[in-house]
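Descriptive structure summary
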Amino acid sequence: MPAHSTSRHVIGEHRNAMQSALLVWFEGVRTARNMPWRKPFDGHATPAGRAQRAYEVWVSEIMLQQTQVATVIPYFNRWMESFPTVKDLAASDIDTVNQLWKGLGYYSRAARLLAGAKKVVEELGGRLPDNARDMQASMPGIGRYTAGAICSIAYNEQVPVLDGNVTRLLSRILALHAPPKAKATTEILWDGAEALVKDCDRAGELNQSLIELGSTVCKPRDPACGGCPVKAWCQAYRIAHNKPEADLADIEDGCTLCAPVPLEHAARAPPVTAYPMKTERKKQREELDMVHVVEWRRESERWFLLVRRPDAGLLAGLYEFPTQPNISVDEPAASAPHLLPLLAGLLIRVPDGLSAKAPKDAAGLRLAKTYSAGDVKHVFSHIIKTYRVVWAVLEGDEEGEGPPALKLEVQDPRENGGQGGKAKGKKGKVGPVKDASRKDGEETPPSAMWVRLADVEHANVGTGVMKIWKLVRALWDE
Ligand code: SF4
């Protein structure tokens, strides 16, 4: 028999009181975390002014995905200095936005912002849509939560928000202990969020109060219930304090969604942290990549080879050292069996001595040494990567021109098993080259390039590459 009524999971008659309490509380904490994107709603703003606010809120919301507020603030400020309007962003390119994003992680977010800005300028008249439905339908990478956050904050539209923090908050307010991924569960939570923002003339502030309360007060562990503005209406708080609930009026009205709270809580009233229902985290898969930090040196000159990742997928458009991904875990740390295929895909001439097939007249270019630098661990949301790092040093040159020439049409050597794609054997260059697949006049960055030692850390590389670079630098910095 169900133990409680479905009415427990509905924001009911106390809605107005809860709205007032939330707005009063938010007024007191609005500026506490110095968020530059948090500004009072300006009811007199022009449509253009509101669209500008929508752009700012959009940037902040995308940056805040999986990233702490304190980390985001300096990135947001730098971003707005570089791209004060959506038109400025749309006129940029993936390398410039990746450079600004450097260190923030989850680089696909930067690519989505750029793609969205281009769409706004090219197809939507230069302004973000002014309602959540159109925004969700027309903007790439904007889902119901982000559309709700932007449109309630920038346009004061009465649309709900439900992110991880609000999910936890509402699960406790409604004492909902139901499978988190179930459609019925999310529907109850969206309905709760919608009920709270409905008929509120300060919709953006109401939503921000829920987000703020969830992240700073109703925290996963040790929620600060004592200072919570909605504890008088919080069902989890009531249950935790053994306050009785009205009897279940009618069996028809019983909740069939909630699962019993875990046995560990059975002996006493469950604490508020029993809500929401916990789920087992999906295990991250483990992968091992062989990374080659390829150096070419001549006397005091030192250059390093960087390869550009594909424009889509993990770490899109960023540079990395030549890498053979997903090798066998049994690969010995000291071996470099993937170096030749990788270099064959990148250089016009492979260094003598690396392979019996290498031409003997390879203009003196030779592999002077390979050195196993060790392993670097780098954790993505769904993958635990181990980078097995080999430092390979090339010496000698061709006609005194500097680092070995790169193939002009170098493709990602991983795409065809390490053989370098349709290289034509022309001399490559270090700077940008034209790409026929891009729009008129648009320059595409080189798919591989030599970078001087001092410039490696300033290239468009991700955090994982910086860890590898630090490991290898320690070999000669010691
Ligand atoms: S009373 Fe406690 S559990 Fe309930 S919403 Fe407030 S902080 Fe969360």
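A brief report on the enclosed structure follows. The structure displayed is predicted, hence computed values, not measured ones. (Residues numbered from 1 in each chain as written. Predicted model: local features only at pLDDT ≥ 70, side-chain atom pairs only at ≥ 80, totals over all residues. Heavy atoms only, no water.)

1. Remarks on the site of the ligand
Near the ligand, the surroundings consist of Leu-169, Arg-172, Ile-173, Cys-218, Cys-225, Cys-228, Lys-231, Cys-234, Tyr-237 and Val-272. With respect to the detected pockets, the ligand is housed in the largest cavity. A total of three residues in the shell around the ligand trace back to one element, the largest contributor, which is helix H9 (residues 164–173). A breakdown of the residues in the shell around the ligand according to their chemical character gives eight nonpolar, no polar and two charged. (Near = heavy atom within 4 Å. 1 Å grid on protein atoms, 1.4 Å probe; cavity = no way out; pocket = protein on both sides within 12 Å on 5 of 7 lines; lining within 4 Å. Sits in = over half its atoms within 2 Å of the grid points. Helix = DSSP H or I, 4+ residues; strand = E, 2+ residues; numbered from the N terminus. Nonpolar A, V, L, I, M, F, W, Y, C, P; charged D, E, K, R; others polar.)

2. Side note on the environment of Phe-380
For Phe-380, the position within the fold is in the loop between strand E5 (366–379) and strand E6 (383–395). Taking the relative accessible area as the measure of exposure, Phe-380 reaches 9% and is therefore buried. Along the primary structure Phe-380 and Gly-464 are separated by 84 residues, whereas in three dimensions their C-alpha atoms are 9.6 Å apart. Excluding its chain neighbours within four sequence positions, the residues that come into contact with Phe-380 are Gln-284, Leu-314, Leu-315, Lys-385 and Tyr-387. (Buried < 20%, exposed > 50% of the residue type's maximum accessible area, 1.4 Å probe, protein only. Contact = heavy atoms within 4.5 Å.)

3. A few points about the pattern of salt bridges
Evaluation of the coordinates by the stated rule reveals 21 salt bridges. One connected set of salt bridges, linked through shared partners, spans Glu-27, Arg-30, Arg-202 and Glu-205. (Salt bridge = Lys/Arg side-chain N within 4 Å of Asp/Glu carboxyl O.)

4. Focus on empty space enclosed by the protein
Any empty space left between atoms is shown by rolling a water-sized probe over those atoms. Across all of its chains, the model carries three cavities of 30 Å³ or more by this definition. Surrounding the largest cavity, 14 residues form its lining, Arg-172, Cys-218, Cys-225, Cys-228 and Cys-234 being those nearest its centre. For the lining of the largest cavity, the leading source of residues is H9, giving three residues. Looking at the lining of the largest cavity residue by residue, the class counts come to twelve nonpolar, no polar and two charged. Considering only enclosed or pocket space, the second largest cavity measures out at about 40 Å³ in volume. What lines the second largest cavity is Thr-167, Ser-171, Leu-176, Ala-178, Pro-180, Thr-185, Leu-189, Pro-276 and Met-277. Every element with two or more residues in the lining of the second largest cavity is listed here: H9 and helix H10 (183–197). A class-by-class count of the residues in the lining of the second largest cavity yields six nonpolar, three polar and no charged. (Points joined across faces, edges and corners; volume = space filled by probe spheres on them.)

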